[in-house]
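# Structural characterization, general
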Amino acid sequence: MDLPVEEFTKPLSETGGVLELANSPVTDACVFLETDSKDASAWGVCWIYEFRPMGCRTYPVVLDMNDRVFKDDLCPWPEGFPEATDEQRQLLLELEASIKQESEQRAQGDD
Ligand code: SF4
């Protein structure tokens, strides 16, 4: 895939310098979700699934504000995933640190 990052992320001024996937103005869903509905339970397919970001790969396992790992209650199919593990927590903590470091580099103009 060879898309400029600005075409699929929110403006950095809105995210504190963190890269976040943008939402489609038509469906309100991720720009990479192929769907024609705003209904959160509507059928859809990620058209970059093979290349999806790490946060998408670990979902519905996420960290809370105290860095505890858990399965997101907002996931529409939580029973389809095993309980969160300490290994996933470690992976998410490393991802969080990496995102923070990249954000700080962007703020310094080092990107
Ligand atoms: S898996 Fe990630 S990139 Fe793909 S549609 Fe869902 S949120 Fe977007």
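## Considering the overall build of the protein chain
Scanning the protein chain for helices and strands turns up three helices and four strands. N-terminal to C-terminal, the α/β element order of the protein chain is α-β-β-α-β-β-α. Across its three principal directions, the C-alpha atoms of the protein chain cover 40 × 35 × 25 Å. Sorting the 111 residues of the protein chain into buried and exposed places 3% on the buried side. Partitioning the intrachain contacts of the protein chain with sequence separation of at least 6 by distance along the chain shows that 25% fall at a separation of at least 24.

## Quick word on the domain arrangement of the protein chain
If you check the domain split of the protein chain, you get domain 1 (1-52) and domain 2 (54-106). Here the C-alpha centre of domain 2 lies 18 Å away from the C-alpha centre of domain 1. Taken together, the contacts link six residues of domain 1 with six residues of domain 2. Split by residue class, the side of domain 1 that touches domain 2 holds two nonpolar, three polar and one charged.

## With respect to the site of the ligand
Close contacts around the ligand come from L21, C30, F32, L33, C46, I48, R52 and C56, and that covers them all. Residue composition of the shell around the ligand, by class: seven nonpolar, no polar and one charged.

## A closer look at unusual backbone geometry
Between Y59 and P60 the backbone carries a cis peptide bond, its omega angle lying at 15°. Secondary-structure assignment places P60 in the loop between helix 2 (54-58) and strand 3 (61-63). Although it is not a glycine, D28 sits at a positive phi angle of roughly 70°. Turning to its location among the elements, D28 is positioned in the loop between helix 1 (12-15) and strand 1 (33-34). On the basis of neighbour count, D28 is assigned to the exposed category, with 12 C-beta atoms found within 10 Å. Within the chain, D67 stands out as a residue other than glycine whose phi angle is a positive 65°. With respect to the helices and strands, the residue D67 is situated in the loop between strand 3 and strand 4 (69-71). C-beta crowding within 10 Å serves as the criterion here: with 10 such atoms nearby, D67 is assigned to the exposed category.

## With respect to the environment of D64
Mapped onto the elements, D64 comes out in the loop between strand 3 and strand 4. A C-alpha to C-alpha distance of 13 Å links D64 and Q88, two positions 24 residues apart in sequence.

Analysis parameters
Residues numbered from 1 in each chain as written. Predicted model: local features only at pLDDT ≥ 70, side-chain atom pairs only at ≥ 80, totals over all residues. Helix = DSSP H or I, 4+ residues; strand = E, 2+ residues; numbered from the N terminus. Buried ≥ 20, exposed ≤ 12 C-beta atoms within 10 Å, placed from the backbone. Contact = placed C-beta atoms within 7 Å. Domains from an automatic or database assignment. Nonpolar A, V, L, I, M, F, W, Y, C, P; charged D, E, K, R; others polar. Near = placed C-beta within 6 Å.

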